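Report on the structure
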Amino acid sequence: MFFIALAVVLSVASIVSIRVEPRRLSNGLLVVAALLAWVLGALSLLDRLEVRVEAVLIVVVVTLIFLTVIGLIAVSAVNGVLVIRREGLRLATALPLALAVVAVLGIGLLVTVVVVLESHSLPLWFLACLWTAVLFAVALAAQLAAFAAHALIYGRIEPPEGSASVVALGCGLGPGGSVTPLLASRLDRALEVYNGQVDTGSWPALIVSGGQGTDESVAEATAMKQYLAARGVAEAKVFAESESRNTRENLVFSKELLDSAGLTSEPMIVVTSDFHVLRTAAFTRDLGLNAHVTGARTARYYSPTAFLREFVAVLRRYWKANAVLLVGILAFVVFLQNVN
């Protein structure tokens, strides 16, 4: 009953953590840990009841894992090729294809090692490195699952009523300073959220935030304000923050703009693309802002690439923790080799 009790504890901890602070990135890890504990609890309960389904369960689990891995590789490869054809070859667009290639090479290496071990012995240092890589890959997969679970949960939370401001975050402009479909979806969502707040009796400030890149003819905020004006929003109602260069500055400079105008900025609703919600929410938490982040839909073909890019950005943000995890796994593998 240990795993059942653990599952209950983790489930309660997940619910409490999400309710207290839904922006905390560790929420996803709690959810995944709770799901894993429930699975282990169910297996232990079946064993206690002497239900002989172990062999069937093993076959089912192995089959599901195999099909999932093959499916992810196929989806990543197809999506990578599609995105590169539409968006051009860049580091960000190459991520799904790179993931598929690395997965295939990794599986090939594991199969090769298993075959070689049947007739030859491999150096202990090689086996240590191999199993460290395998376990670290499993840890990264768990983090990706946690990231996806958190995104799914947080994305279902509706913006609260009574906001003091609605901030739309910019992204790159198209040729001639035109608003791209990605940016248009953010602005449409921001306008939807703003009108929803007005309908409930609030009159929040509406801010568009984005500076001018080296390859852009105008500031993103300027193009965003023009886009909203073309849809009937009076220019006097829109504050344009045109100095920011990244998400953190979007938030800081937008708050400073409202503060300088003598207006209340919080509670704040921040509007960005759905794939960018979690990282933006983490920024608002780091800055101590009373804010909720909501996402605009992204084109389906681009969503897998965008979410994978965000996950890589989160890994880069917490690279020290992952470095410690990698060293810990290596030390654990070496310890087991010495024991055996």
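Higher on the page you've got the structure.
The following refers to the structure shown. (Residues numbered from 1 in each chain as written. Predicted model: local features only at pLDDT ≥ 70, side-chain atom pairs only at ≥ 80, totals over all residues. Heavy atoms only, no water.)

What the protein chain contains, in helices and strands, is 11 helices and five strands. In terms of overall dimensions, the protein chain has C-alpha extents of about 75 × 45 × 35 Å along its principal axes. Residues counted as buried form 37% of the 340 residues belonging to the protein chain. Across the protein chain, every contact between residues at least 6 apart in sequence was considered, and the portion connecting residues at least 24 apart equals 68%. (Helix = DSSP H or I, 4+ residues; strand = E, 2+ residues; numbered from the N terminus. Buried < 20%, exposed > 50% of the residue type's maximum accessible area, 1.4 Å probe, protein only. Contact = heavy atoms within 4.5 Å.)

The subject of this paragraph is a nonpolar patch on the surface. A contiguous nonpolar surface patch, about 600 Å² in accessible area, is contributed by F2, F3, L6, L36, V39, L40 and L43. Put simply, the parts of the chain that give the nonpolar patch at least two residues each are α1 (2-20) and α2 (26-48). When you line up the elements, L43 lands in helix α2. (Patch = residues over 30% accessible without salt bridge, like charges linked within 9 Å, V, L, I, M, F, W, Y side chains within 5 Å. Areas by Shrake-Rupley, 256 points an atom, 1.4 Å probe, with all protein chains shown as cover. Salt bridge = Lys/Arg side-chain N within 4 Å of Asp/Glu carboxyl O.)

Okay, the packing of aromatic side chains next. Enumeration over the complete set of coordinates arrives at five aromatic pairs. Between F147 and F311 the ring centres are 5.8 Å apart and the planes differ by 55°, which places this aromatic pair in the tilted class. Pair noted here: F147 is in helix α5 (residues 124-154) and F311 is in helix α10 (residues 303-317), with a separation of 164 residues, a long-range link. Across the pair, exposure class does not vary: F147 and F311 are buried alike. Here the aromatic cluster, defined as three or more aromatic residues joined through ring pairs, consists of F275, Y301 and Y302. Taking the ring centre of Y301 as reference, the NZ or CZ of R86 above it sits at 4.4 Å. Directly above the aromatic system of F283 lies the positively charged group of R317, at a separation of 5.4 Å from the ring centroid. (Phe/Tyr/Trp six-rings, centres within 6.5 Å; stacked < 30°, edge-to-face > 60°. Lys NZ or Arg CZ within 6 Å of the ring centre and 35° of its normal.)

With that settled, consider the packing of helix α6 (residues 181-199) against helix α7 (residues 220-229). Where α6 contacts α7, the axes come no closer than 11 Å and their chain directions differ by 55°. The orientation of α6 with respect to α7, classified from their angle, is oblique. Both α6 and α7 take part in a crossing whose hand is right-handed. For the pair α6 and α7, the contacting residues are L183, A184, L187, D188 and L191 in the first and M224, Y227 and L228 in the second. Counted by class, the contact of α6 with α7 contains seven nonpolar, no polar and one charged residues. (Axes fitted to C-alpha atoms, helices over the stretch in contact; angles between N-to-C directions. Parallel < 35°, antiparallel > 145°, perpendicular 65-115°, else oblique. Left-handed = near helix turned anticlockwise from the far one by under 90°. Nonpolar A, V, L, I, M, F, W, Y, C, P; charged D, E, K, R; others polar.)

Counting residues in each nonpolar core, the largest one holds 23 residues, and the members touching the most others are V166, L187, L206, V208 and L228. If you list the elements that add at least two residues to this core, you get β1 (165-169), α6, β2 (205-209), α7 and β4 (268-273). Looking at this core element by element, the count peaks at eight residues for α6. If we ignore the near neighbours within four places in the chain, the residues touching L187 are A168, V179, V208, M224, Y227 and L228. Core analysis: the next-biggest nonpolar cluster, separate from the first, contains 19 residues, L169, L251, V270 and L289 among them. (Core = buried A, V, L, I, M, F, W, Y, C linked by side-chain atoms within 4.5 Å.)

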